[in-house]
Each structure stands twice: as C-alpha cells, then as structure tokens.
Amino acid sequence: MKKRSLWLCPLAIAAIVALDQWVKAYIVTHFAVGESAEFLPQLLRLHYVRNFGAAWSSFSGERWLLIGVTGVGMLALAWLLARIVRHPLGVWSLTAVIGGGVGNLIDRVRLGYVVDMLDCTFIEFPVFNVADCFVVCGTIAALVYYIWIYPNTDAKKTRKITLTLTIKPDKSRDTAKFYLDCRSSLAPIEPREANIFLSRDDRGNVSAQEVGNQIPGQVEMDDDVIQQEEQDNVTPLVFGSGKR
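Nothing here was measured: the structure is a model prediction, and the numbers come from that model.

J.: What exactly am I supposed to notice about the pattern of salt bridges here?
T.: In a structure, side chains of opposite charge can pair up when their charged atoms sit close to one another. Applying the stated rule across the entire model yields three salt bridges. Notably, a salt bridge pairs Lys24 with Asp107, separated by 3.0 Å at the nearest N-O pair. Of this pair, Lys24 sits in helix α1 (residues 8–30) while Asp107 sits in helix α3 (residues 88–110), and the two are 83 residues apart along the sequence. The class for Asp107 is buried, based on a relative accessible area of 0%. With a shortest N-O distance of 2.7 Å, Arg45 and Asp119 are connected by a salt bridge. Pair noted here: Arg45 is in strand β2 (residues 44–51) and Asp119 is in strand β3 (residues 114–120), with a separation of 74 residues, a long-range link. Judged by relative accessible area, Arg45 falls into the partly exposed class, the value being 27%. Each of Asp20, Lys24 and Asp107 takes part in one network of salt bridges that share partners.

Set out below in structure tokens:
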C-alpha cells in the first residue's frame with residue numbers, strides 16, 4: 001500500500017470505533033444487565049454483561065493496568081502502521097486491531113468496564129463484543145502477514161540507512177547527514193561509495209539514479225534536514241559511510 005493511501009486507516013479505525021460504540025449503546029439502553037435475547041438462533045444470542053477484566057475476565061478489577069497496557073499497545077501498533085508496515089494485509093490487520101482496541105479502551109476509561117453482548121450458543125465461550133471481533137480477526141491476519149508475507153516484503157523494503165551526502169561541485173562544503181527511508185527490496189544495504197543523482201517529479205516523488213543504473217523504487221527525503229541547491233531539477237550527491 002502506498003504511503004499516501006494510509007490516510008484511509010484513521011477513517012477505518014474511526015468507523016470500527018463508531019460501530020462498536022453504537023452497538024454497545026444500543027445494548028445498554030435496551031437491555032438490563034444479565035438480560036438475553038435471541039439473535040441468530042442456534043448460533044448467537046445477545047446477552048448483556050459487564051467485563052471488569054480482560055479476556056476470560058482475567059485481570060479483573062485491574063482497570064488502570066489494563067488501560068495503560070492497552071494504550072501503550074495501541075501506540076506501538078500505530079507506530080508500526082505509520083513507519084514499517086506497507087503490505088495491504090499488514091496495514092488492514094493492524095487497523096482492525098487498533099480500532100477494536102480503542103473501542104474497548106473507551107469503555108474502560110469512561111465506564112471502568114467493557115460492555116459485552118455477543119454470546120455463542122453452540123460452544124462454551126466467553127461473552128464478547130464487536131471490538132473483540134476486530135481484535136481477534138486482525139490478530140490472526142497480522143500473524144499470517146508476519147509469518148508468511150513480512151519477510152519477503154516489508155522486512156526488505158524498510159531499512160533505515162544513515163548516509164553522509166556531499167553536494168557537488170563545491171566539494172569544500174560541509175557534509176550533512178540525514179535518514180534515507182528506502183522503499184525498495186533492491187535498495188543498497190551495505191555501505192558503499194557511489195555517484196548518485198536525485199531528481200523530483202511533478203508529484204514530489206524522488207528517484208535516485210546512479211551512473212548507467214536506475215535504483216528501483218522511490219526514495220523519501222526529509223527536505224528540512226539538507227538544503228539542496230538544484231540545477232535543472234537534478235542534484236548530484238555522493239553516498240558515504242552508510243550503515244543499517
């Protein structure tokens with residue numbers, strides 16, 4: 001998934017949270033605690049319970065511990081979503097987990113417990129809610145992504161490399177360091193010396209070209225770190241002392 005498409009993730013998270021909170025509000029206003037009603041016969045019924053713990057009522061009564069752990073976990077997943085994960089399955093699995101986690105986090109902060117209402121009638125299983133569905137499904141998808149997809153996609157595409165760049169032809173200039181986020185599985189990993197030309201197209205994408213070779217993929221630059229002097233929209237630069 002392209003980075004510019006990631007703005008859809010906050011909308012999806014907001015939609016998940018809105019759906020979860022709407023279902024919970026309906027249950028609270030139409031059911032008494034412990035009341036049940038048939039929903040999908042022989043499969044699922046609505047049964048209003050209050051969960052003061054985590055899954056299977058574990059850590060019951062540990063409200064602030066659960067709030068802290070959930071909050072830190074959601075921030076960590078958001079960081080992964082913003083900085084590392086680009087494959088669509090990984091993006092949407094983390095989006096689902098974050099949306100579900102935030103939905104339950106709102107309950108814990110606002111009420112001190114989580115509103116559960118979905119009760120499987122064909123198997124012995126704890127009562128759960130809409131947010132739990134997204135967390136579980138997202139976690140399963142995230143495991144599939146991490147085990148079978150991540151090693152061949154995002155693990156190769158995301159490598160933080162520190163480079164020392166010198167602007168030509170004035171070689172007396174001081175060198176400047178910045179972080180280059182390589183979005184290509186074929187981008188150079190090991191330190192090496194090379195004459196590189198960076199050019200920017202009309203959409204703001206930067207491409208890197210070596211003598212006679214085109215480095216696959218796009219390069220994202222932080223314009224605030226290095227002041228470029230461009231000539232004909234192409235800036236000649238030199239790699240140096242790169243490292244992972």
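J.: What's the story with the pairing of strand β1 (residues 36–40) in this structure? I'm lost.
T.: Two faces make up the sheet, and in a regular strand the side chains alternate between them. Here β1 pairs with β2 via four bridges, running antiparallel. Its bridge partner being in β2, Ser36 is matched across the sheet by His47. Between the antiparallel neighbours β1 and β2 lie three residues, among them Gln42 with a positive phi of about 70°.

J.: Sorry if this is basic, but what is going on with the environment of Phe31 here?
T.: Looking at where Phe31 falls in the secondary structure, it is placed in the loop between α1 and β1. Through-space distance from the C-alpha of Phe31 to that of Tyr48 is 6.6 Å; in sequence the pair is 17 residues apart. Every residue in contact with Phe31, bar those within four places of it in the chain, is listed here: Tyr26, Ser36, Ala37, Leu46 and Tyr48.

J.: Hey, could you run me through the state of the cysteines in this one?
T.: Here, the word disulfide means a covalent bond between the sulfur atoms of two cysteines. Under the defined criterion, the tally for this structure stands at zero disulfides. With no disulfide of its own, Cys120 has Cys133 as its nearest cysteine by sulfur position, at a separation of 8.5 Å.

J.: Would you take a moment to explain the sheet that holds β1 for this structure?
T.: What holds strands together in a sheet is hydrogen bonding between their backbones, with the strands either parallel or antiparallel. Sheet architecture is open: three strands sit in the order β1-β2-β3, paired in antiparallel fashion. The open sheet has two free edges, formed respectively by β1 and β3, since each of these has just one partner strand. With direction set aside, neighbouring strand axes in the sheet form an average angle of 40°. For β2 and β3, the ladder comprises six bridges, and the chain directions are antiparallel. Note on β3: the bridge partner recorded for Leu46 is Leu118. Across the sheet, α1 is in contact with β2 and β3; its angle to β3 comes to roughly 85°.

Rules used in this analysis
Residues numbered from 1 in each chain as written. Predicted model: local features only at pLDDT ≥ 70, side-chain atom pairs only at ≥ 80, totals over all residues. Heavy atoms only, no water. Salt bridge = Lys/Arg side-chain N within 4 Å of Asp/Glu carboxyl O. Helix = DSSP H or I, 4+ residues; strand = E, 2+ residues; numbered from the N terminus. Buried < 20%, exposed > 50% of the residue type's maximum accessible area, 1.4 Å probe, protein only. Pairing = 2+ DSSP bridges. Contact = heavy atoms within 4.5 Å. Disulfide = S-S within 2.5 Å. Axes fitted to C-alpha atoms, helices over the stretch in contact; angles between N-to-C directions.

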